[in-house]
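# Survey of secondary and tertiary structure
If you want the building blocks of each chain, they are given just below.
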Amino acid sequence: MTAARGTDGVLVDRYGRVARDLRVSLTDKCNLRCTYCMPAEGLPWLAGPQLLSDDEIVRLVRVAVGRLGVTEVRFTGGEPLIRPGVVGIVAAVAALEPRPRISLTTNGLGLDRLAPALRAAGLDRVNVSLDTLDAGRFARLTRRDRLADVLAGLAGAAAAGLTPVKINSVLMRGVNDDEAPALLRFALAHGYELRFIEQMPLDAQHGWDRAAMVTADEILATLRTGGDARTRGDAGTGATRRTGFDLTPDPAERGAAPAETWLVDGGPARVGVIGSVTRPFCGDCDRTRLTADGQVRACLFATEESDLRGALRAGADDDELARRWRAAMWGKRAGHGIDDPTFLQPARPMSAIGG
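Let us look at the structure shown here. The shown structure was predicted, so the numbers you read here are calculated from the model rather than taken from an experiment. (Residues numbered from 1 in each chain as written. Predicted model: local features only at pLDDT ≥ 70, side-chain atom pairs only at ≥ 80, totals over all residues. Heavy atoms only, no water.)

## Let's talk about the overall build of the protein
- The number of helices and strands found in the protein is ten helices and 14 strands.
- Residue pairs in contact within the protein that sit at least 24 positions apart in sequence constitute 70% of those at least 6 positions apart.
- Working note: accessible area of the protein is about 14,900 Å², and carbon and sulfur atoms make up 51% of it. (Helix = DSSP H or I, 4+ residues; strand = E, 2+ residues; numbered from the N terminus. Contact = heavy atoms within 4.5 Å. Areas by Shrake-Rupley, 256 points an atom, 1.4 Å probe, with all protein chains shown as cover.)

## Quick look at the packing of helix α3 (residues 111-121) against helix α5 (residues 147-160)
- Between α3 and α5, the least distance of the axes is 8 Å, while the angle of their chain directions is 20°. The angle between α3 and α5 places the two elements in the roughly parallel class. α3 and α5 meet at a crossing whose hand is right-handed. Mapping the contact onto sequence places L111, D112, A115, P116 and R119 in α3 and A152, G153, G156, A157 and A160 in α5.
- Residue composition of the contact of α3 with α5, grouped by class: six nonpolar, two polar and two charged. (Axes fitted to C-alpha atoms, helices over the stretch in contact; angles between N-to-C directions. Parallel < 35°, antiparallel > 145°, perpendicular 65-115°, else oblique. Left-handed = near helix turned anticlockwise from the far one by under 90°. Nonpolar A, V, L, I, M, F, W, Y, C, P; charged D, E, K, R; others polar.)

## Looking at α3
- Those residues of α3 not exposed but buried are L111, L114, A115, L118 and A121. Projection of α3 onto a plane perpendicular to its axis shows the buried side chains occupying an angular sector of 130°, all on one side. Structural note: α3 exposes R113 and A120 on the side pointing more than 90 degrees away from its buried face.
- Looking at the buried side of α3, the elements it contacts are α2 (86-94), β3 (101-106), β4 (125-129) and α5. (Buried < 20%, exposed > 50% of the residue type's maximum accessible area, 1.4 Å probe, protein only. Arc of directions from axis to C-beta.)

## Regarding the packing of aromatic side chains
- Applying the stated criterion across every chain, the model contains one aromatic pair.
- Geometrically, the ring pair formed by F186 and Y192 is tilted, given 5.9 Å between the ring centres and 55° between the ring planes.
- Look at Y192 and you get buried, because its relative accessible area is 7%. (Phe/Tyr/Trp six-rings, centres within 6.5 Å; stacked < 30°, edge-to-face > 60°.)

## Details of the sheet that holds strand β13 (residues 295-297)
- In spatial order, the strands read β9-β10-β11-β6-β5-β4-β3-β2-β1-β12-β13-β14; together these twelve strands make up an open sheet with mixed pairing. One side of each edge strand has no neighbouring strand; the edge strands of this open sheet are β9 (247-249) and β14 (306-307).
- Strand direction decides the pairing type here: strand β6 (residues 193-197) and strand β11 (residues 270-274), joined by four bridges, are parallel. From the neighbouring strand, I197 faces β11, where its bridge partner is I274. (Pairing = 2+ DSSP bridges.)

## Quick word on the pairing of strand β12 (residues 287-290)
- Burial along β12 is two-sided: R287 and R289 and T288 and L290, pointing in opposite directions, are all buried.
- Bridging between β12 and β13 involves two bridges; their strand directions are antiparallel. Paired with R289 across the strands is R297, a residue of β13.
- Where β12 hands over to β13, the hairpin turn is made up of four residues, of which G294 adopts a positive phi near 80°.

## With respect to the nonpolar core
- Judged by nonpolar contacts, the single largest core of 81 residues is most densely connected at V24, V61, F75, V126, F196, V271 and W325.
- The element that contributes the greatest number of residues to this core is helix α1 (residues 54-67), accounting for seven residues.
- Residues contacting V61, with those up to four places away along its chain left out, are L22, V24, V73, V93 and L96.
- Core analysis: the next-biggest nonpolar cluster, separate from the first, contains seven residues, V170, I197, A259 and I274 among them. (Core = buried A, V, L, I, M, F, W, Y, C linked by side-chain atoms within 4.5 Å.)

## Thoughts on the environment of R144
- In this structure, R144 sits in the loop between α4 (135-142) and α5.
- It is 6.4 Å that separates the C-alpha atoms of R144 and L32, two residues lying 112 residues apart in sequence.
- Those residues in contact with R144 that sit more than four places away from it in its chain are N31, L32, R33, F138 and A139.

## Thoughts on α2
- Considered for burial, the residues of α2 that qualify are V86, I89, V90, V93 and A94. One side of α2 carries all its buried residues, which in axial view fall inside an arc of 130°.
- Residues of α2 that are buried in the fold lie against α1, β2 (72-76), β3 and α3.

Next comes the structure, spelled out in structure tokens:
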């Protein structure tokens, strides 16, 4: 493979990976203040002129879909639902030819109200972040007393047909790591698909500690045992019943999906674990990212970005924008390097990068 491949054709890198999944951040702002993401007072948000306009976002997505082979588009943030033009952006992307699959990752606040309009606009499905089912714990984790609103958002998404509705959960040692079985039982009862995500070094405070991270192996072990014990006595009977889950590897092809999935109690229900740190999937990564201020990131953990906003506003045509995007992805590294002693956490936190 020659360097020419980096500026000609689809979004291929030096290792032969092709990016077909585009993550687009609509805003760096969020209406929660999750302790593992940002400080209580929030962050210095991007100024209005720095943000891509609705039309600029749609144009860059059109370049990605029409010229660069992107087939999946996911809108992220910050919190994408607080972007005033989110429904119109979804509708414009859904009208593209060829039409990409369109999803959105949200904290769920306001989703019950917006779900019908998003579905009508062309959104296919949603991922909703939910780390606890305990209202008090939710308030401590997010610094907002809004658990009921998130649960309403999940129900609203399902009712609107934004399925499969997926839940993203981050477990933190000594905080909510005891809730894995309860979260899975909740998801199964409501027909949601649960994904546990290892906590990653993307917090604004740079306080991530690998030793304190709940690993994929630990999550699976807890699900299989149901917590502290595999069996417990049923009140009044003295009988015991199994509280854990039978997890078997999902026979379906994983492809470039970030989650490893398991059949729960024989299926068809599944649970996934995204082991970005202990079970990296960099070799099969098919993602490219566009920040809310128009920067291409080849990797979630990249320490460099490539500016498309400047070129777009300077009058670059679609061919030039596509060329710059290809060049940016050509330089993608082989892996995120978290285990390398020289690893540096990105300067931008997750809320500014976009998941």
